[in-house]
Amino acid sequence: MENQRVRLSKAMLKTGLLHLLKEKPLNEISICELCQTAQINRTTFYKYYGSQAELLNEIEADFFAQLNEDLKSILAQSSPALVPVLTHLYEQRETFCILVQAIPAQDFTAQLFAIPSIGAIFQTMIGAGSYTDVQAKYIRQFVFQGTFSVLCNWLSSDAPEPVAEIAQVLGLLRSKLY
């Protein structure tokens, strides 16, 4: 269990890295610059992380773990899950967009759609159907990649459409595909 000082130091480093990632790619961010931004000593950084990439991996893992926890509670409710999921992503859009830019898209989408709660949502959307395993695999990949593209365009927009409108678009796509 981490104490409060450790959690605070790590939080400051994570905030600092996210701030710097808005301006430039990870490979252009030095440890020194990160530590200055986070107002943390280099020794403290190396106490917890071996590199900027390691810190980014932890930010990513935290993001996906929190998303999964939030989605579990959303799915436990009897209401349709798509609007609350999109609302959650909308609220986290800055972190989402930074991670999308900093992490190779294929890795990000693989991790995003590997979240058990999201897999459950898409399993419900696709349904059992009369698909072979191979067909289901490619349909899932098509839906995931298309949905990811829509989410990226929506969340990175300067004036994102309302959640309900995107939910409607995704619902229309679903109804046309299945």
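Before reading further, recall that the structure is shown in the block above.
For clarity, every value in this text was computed on a predicted model and none was experimentally measured.

Trainee: Sorry, what's going on with the pattern of salt bridges here?
Mentor: Pairing is possible between side chains that carry opposite charge, provided their charged atoms lie close to one another. Inspection of the entire model under this criterion finds four salt bridges. Close ionic contact of Lys-14 with Glu-58 constitutes a salt bridge, the shortest N to O distance being 3.0 Å. With Lys-14 in helix 1 (residues 4-21) and Glu-58 in helix 4 (residues 52-76), the pair connects residues that are 44 residues apart, well separated along the chain. A salt bridge links Lys-14 to Asp-62, with the shortest nitrogen-to-oxygen separation between them at 2.4 Å. A residue pair is termed long-range when its members are at least 10 positions apart, and Lys-14 in helix 1 and Asp-62 in helix 4 qualify at 48 residues. Owing to a relative accessible area of 35%, Asp-62 belongs among the partly exposed residues under this scheme. Among the ionic contacts, a cluster of salt bridges with common partners joins Lys-14, Glu-58 and Asp-62.

Trainee: In this structure, what is going on with the environment of Ala-167? I would like to understand it.
Mentor: Mapped onto the elements of the fold, Ala-167 is located in helix 10 (residues 163-177). Since its relative accessible area comes to 9%, Ala-167 is described here as buried. Each C-alpha atom, one on Ala-167 and one on Val-85, is 9.4 Å from the other, the two residues being 82 residues apart in sequence. Once you skip the residues sitting within four places of it in the chain, Ala-167 turns out to touch Leu-82, Val-83 and Leu-86.

Trainee: Which parts of the structure should I look at to understand the nonpolar core?
Mentor: Note that soluble globular proteins tend to have their nonpolar side chains buried in a common cluster. Core analysis: the biggest nonpolar cluster contains 47 residues, and Leu-17, Phe-96, Phe-108 and Leu-112 have the highest contact counts within it. Leaving out residues up to four positions away in the same chain, Phe-96 has contacts with Phe-63, Leu-89, Phe-108, Leu-112, Phe-148, Leu-151, Cys-152 and Leu-155.

Trainee: Explain the state of the cysteines to me, please; I cannot follow it from the model alone.
Mentor: A covalent bond bridging the sulfur atoms of two cysteines is what the word disulfide describes. Inspection of every chain in the model, using the stated rule, returns zero disulfides. Considering cysteine sulfurs only, Cys-35 is the nearest to Cys-32, which forms no disulfide, with 7.1 Å between them. The class for Cys-32 is partly exposed, based on a relative accessible area of 36%. Looking at Cys-152, it has no disulfide partner, and the nearest cysteine sulfur is the one in Cys-97, 7.0 Å off. With a relative accessible area of 17%, Cys-152 lands in the buried category.

Conventions adopted
- Residues numbered from 1 in each chain as written.
- Predicted model: local features only at pLDDT ≥ 70, side-chain atom pairs only at ≥ 80, totals over all residues.
- Heavy atoms only, no water.
- Salt bridge = Lys/Arg side-chain N within 4 Å of Asp/Glu carboxyl O.
- Helix = DSSP H or I, 4+ residues; strand = E, 2+ residues; numbered from the N terminus.
- Buried < 20%, exposed > 50% of the residue type's maximum accessible area, 1.4 Å probe, protein only.
- Contact = heavy atoms within 4.5 Å.
- Core = buried A, V, L, I, M, F, W, Y, C linked by side-chain atoms within 4.5 Å.
- Disulfide = S-S within 2.5 Å.

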